[in-house]
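Coordinate inspection notes
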Amino acid sequence: MFFDFGIKDIVDIVLVAIMLFYIYRLMKESRSLNVFMGILVFIVLWLVVSQILEMRLLGSIMDKLVSVGVIALIILFQDDIRKFLYNLGAHQRMQAFKRLFSSSDKRQNTEKVKQVIMPIVMSCMSMSKKKVGALIVIQRGTPLDDIVATGERIDATVSQRLIENLFFKNSPLHDGAMIIANQHIKAAGCILPVSHDLNIPKELGLRHRAALGITHESDCIAIVVSEETGSISVAIRSEFQLRLSAEKLESILTREMV
């Protein structure tokens, strides 16, 4: 045999394959697939020139390009890298590990959360019947201070009447998103990042894309009331749950927030 090939090498190849597949999927979602394929071609050429053909001059030039290229890629794809790291940290096992270090009073927090859920559910059902568009974002572990800064600060207790008034069609804040954090309405009229995922159904509008966009970047819950159909949707962890009833919405919020 020309070289030793053991279990460690198999594990190494499998891990690299998984990493490349995940990067491929990430680049495909961000519409940067051609860039990813170009990087792969360059890496293959670099390995052939420097390792197989052992061309010293060309190999040294490509080595320098690779070292500079890594920094350039970090700058170009900083949003995608942040999304990758967030998804890694938001994994269920990571969240379970994080809870071991949580010292908050869970029973007291549960009672406060339950007092917030019902006004949100009732206001969504009322706006759904009147076909009033709404976008409500509920902060969880990831702070949304940068999103709050784009809107008008309110810092008020969550109530059905206040939510409906803020999303009333003639209200100057009805087009933006409402941010709820720590059982308080922090701001309204906020601007959210819009998802460019091509798999989103075409019948879903800009509010749905904004809801999906914010769940790409944080662990929040985004509730959408459609202005066209009155249907209620929830986006969590970059996935939609559509056409929800009051009972289903309450069940989802209770499960995710408590």
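Now for a look at the structure at hand. (Residues numbered from 1 in each chain as written. Predicted model: local features only at pLDDT ≥ 70, side-chain atom pairs only at ≥ 80, totals over all residues. Heavy atoms only, no water.)

Along the backbone of the protein there are 10 helices and seven strands. By residue count, 36% of the 258 residues in the protein fall in the buried class. Looking at the protein alone, contacts between residues at least 24 apart form 59% of all its contacts between residues at least 6 apart. Carbon and sulfur atoms make up 61% of the accessible area of the protein, which totals about 16,700 Å². (Helix = DSSP H or I, 4+ residues; strand = E, 2+ residues; numbered from the N terminus. Buried < 20%, exposed > 50% of the residue type's maximum accessible area, 1.4 Å probe, protein only. Contact = heavy atoms within 4.5 Å. Areas by Shrake-Rupley, 256 points an atom, 1.4 Å probe, with all protein chains shown as cover.)

The next thing to look at is the pairing of strand β6 (residues 232-236). For β6, the buried fraction is high: five of the five residues fall into the buried class. Where burial is concerned, the two faces of β6 agree: the one with Ile232, Val234 and Ile236 and the one with Ser233 and Ala235 are both buried. Pairing between strand β5 (residues 221-225) and β6: five bridges, direction antiparallel. Bridge pairing in β6 links Val225 to Ile232. The antiparallel hairpin formed by β5 and β6 contains six residues in its connecting segment, where Gly230 sits at a positive phi of about 80°. Strand direction decides the pairing type here: β6 and strand β7 (residues 239-241), joined by three bridges, are antiparallel. Note that in β7 the partner of Val234 across the bridge is Gln241. Here β6 hands over to β7 after two residues, with Arg237 in that stretch at a positive phi of 50°. (Pairing = 2+ DSSP bridges.)

In this structure the tally under the stated criterion is seven salt bridges. Where Asp175 meets Arg207, a salt bridge forms, and the shortest distance between an N and an O atom there is 4.0 Å. Here Asp175, found in the loop between α8 (160-166) and β3 (177-181), pairs with Arg207, found in helix α9 (residues 206-217); they are 32 residues apart in sequence, far enough to count as distant. Across the pair Arg255 and Glu256 runs a salt bridge, and its minimum N-O distance is 3.6 Å. (Salt bridge = Lys/Arg side-chain N within 4 Å of Asp/Glu carboxyl O.)

In this model, helix α10 (residues 246-257) (12 residues) spans 16 Å end to end at C-alpha, consistent with the 16 Å of a helix rising 1.5 Å per residue. Those residues of α10 lying buried are Ala246, Leu249, Ile252, Leu253, Glu256 and Met257. In a view along the axis of α10, the buried residues occupy a sector of 130°, so they form one face of it. (Expected span 1.5 Å × (residues − 1). Arc of directions from axis to C-beta.)

A few words now on the sheet that holds β6. Strand pairs in the sheet, formed through backbone hydrogen bonds, run parallel or antiparallel to each other. Judged by pairing direction, the sheet is mixed, and its seven strands sit side by side in the order β2-β4-β3-β1-β5-β6-β7 without closing on themselves. Of all the strands in the sheet, just β2 (152-157) and β7 have a single pairing partner and so form its edges. Shown here is a sheet whose adjacent strand axes are inclined to one another by a mean of 20°, direction ignored. Relative to strand β4 (residues 184-190), β3 runs antiparallel, the two being bridged by four bridges. Paired with Ala177 across the two strands is Cys190, which belongs to β4. (Axes fitted to C-alpha atoms, helices over the stretch in contact; angles between N-to-C directions.)

With that settled, the discussion passes to the side chain of His174. When you line up the elements, His174 lands in the loop between α8 and β3. Under the relative-accessibility criterion, His174 is labelled buried at 15%. Reaching out from His174, the side chain makes a polar contact with the backbone oxygen of Ser171 at a distance of 2.8 Å. A distance of 3.0 Å separates polar atoms of two side chains, one belonging to His174 and the other to Asp175. (Polar contact = N/O pair within 3.5 Å; in protein donor to acceptor, adjacent residues only side chain to side chain.)

Before going further, it helps to examine the nonpolar core. Counting residues in hydrophobic clusters, the biggest one holds 32 residues, and the most contacted among them are Ile120, Ile136, Ile138, Ile163, Ile223, Leu249 and Leu253. Breaking this core down by element, the ones donating at least two residues are α6 (106-130), β1 (134-138), α8, β3, β4, β5, β6 and α10. With seven residues, α6 is the largest single contributor of residues to this core. Residue contacts for Ile223: discarding those within four places in its chain leaves Ile120, Cys124, Ala134, Leu135, Ile136, Ile138, Ile232, Ser233, Val234, Leu249 and Leu253. Grouped together as the second largest cluster of nonpolar side chains are 17 residues, Ile147, Ala211, Ala222 and Ala235 included. (Core = buried A, V, L, I, M, F, W, Y, C linked by side-chain atoms within 4.5 Å.)

Relative to the 16 Å expected for 12 residues at 1.5 Å per residue, α9 spans 17 Å between its end C-alpha atoms, a close match to the ideal helical length. For α9, the buried fraction is high: nine of the 12 residues fall into the buried class. Among the residues making up α9, those that are buried are Arg207, His208, Ala210, Ala211, Leu212, Gly213, Ile214, Thr215 and His216.

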